[in-house]
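So the chains spell out like this:
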Amino acid sequence: EAVGRDMDDVVVLRHEETKEVLHSPIGYVVQEGKPLTRSIPLVMASKGGSECPVEERAAPVHGSGGGVSGAVLVYRNLTPVKERQRFEQALKESELRFQSLVRSAPDAIVVVDRRGTIRSWNNAASCLFGYDEQEVLGQPVTMLMPARYHETHQARFQQAIERGEARPITRLSD
């Protein structure tokens, strides 16, 4: 379908934000003999009308006599990159909401990793335990309990990890 048709009829490029239709860089690349990469946000419209974010690169093709005989165009689909950026932004926003909830909670919240190391701590925990956040981050959670409970805590904590349970350990004795 595309053979013999004008490049601008086959590849419809638009500026992603302004929607301005842009022309193929073939003429420029052939005339100037220089490669070109557009550093503006582009979308390519498909035959069906859907749009896909792309990166465009064009390079001259030199013939046997040394002159420019054509051009090579490469369009890189940026949809996975854009999706990852949206995912990362959503994750960052979610993390900020989580941190805001933890910090403002009236109850003491101590977040530990799989090794039992304190990774997050709120103001209510500081009031309850008497430590500043910087004193406890990176420390074992067992520092917050009497030594006689360390062994029982470690055993129950390990059981919870092995079972895939993500619930608070609120009691150390039965």
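So, here is what we can say about the structure in this document. (Residues numbered from 1 in each chain as written. Predicted model: local features only at pLDDT ≥ 70, side-chain atom pairs only at ≥ 80, totals over all residues. Heavy atoms only, no water.)

1. Details of the overall build of the chain
Item 1. A count of helices and strands for the chain gives 6 helices and 8 strands.
Item 2. Helices and strands appear in the chain in the N-to-C order α-β-β-α-β-β-β-β-α-β-β-α-α-α.
Item 3. Against the compact-globule benchmark of 16 Å for 174 residues, the chain has a radius of gyration of 30 Å, which places it well outside the compact range.
Item 4. For the chain, the spread of C-alpha atoms along the three principal axes comes to 85 × 35 × 30 Å. (Helix = DSSP H or I, 4+ residues; strand = E, 2+ residues; numbered from the N terminus. Rg over C-alpha atoms; globule rule 2.2 N^0.38 Å.)

2. Some words on the pairing of strand 8 (residues 118-121)
Item 1. The pairing of strand 7 (residues 110-112) with strand 8 spans 3 bridges and is antiparallel. Bridging from a neighbouring strand, valine 110 pairs with tryptophan 121 of strand 8.
Item 2. Hairpin geometry of strand 7 and strand 8 is characterised by an intervening segment of 5 residues between the two adjacent antiparallel strands and by a positive phi of about 85° at glycine 116. (Pairing = 2+ DSSP bridges.)

3. Some remarks on the side chain of threonine 117
Item 1. Mapped onto the elements of the fold, threonine 117 is located in the loop between strand 7 and strand 8.
Item 2. When its relative accessible area of 12% is taken as the criterion, threonine 117 is described as buried.
Item 3. Those residues within four positions of threonine 117 in sequence are excluded, and the remaining contacts are Val111, Val112, Gly138, Gln139 and Pro140. (Buried < 20%, exposed > 50% of the residue type's maximum accessible area, 1.4 Å probe, protein only. Contact = heavy atoms within 4.5 Å.)

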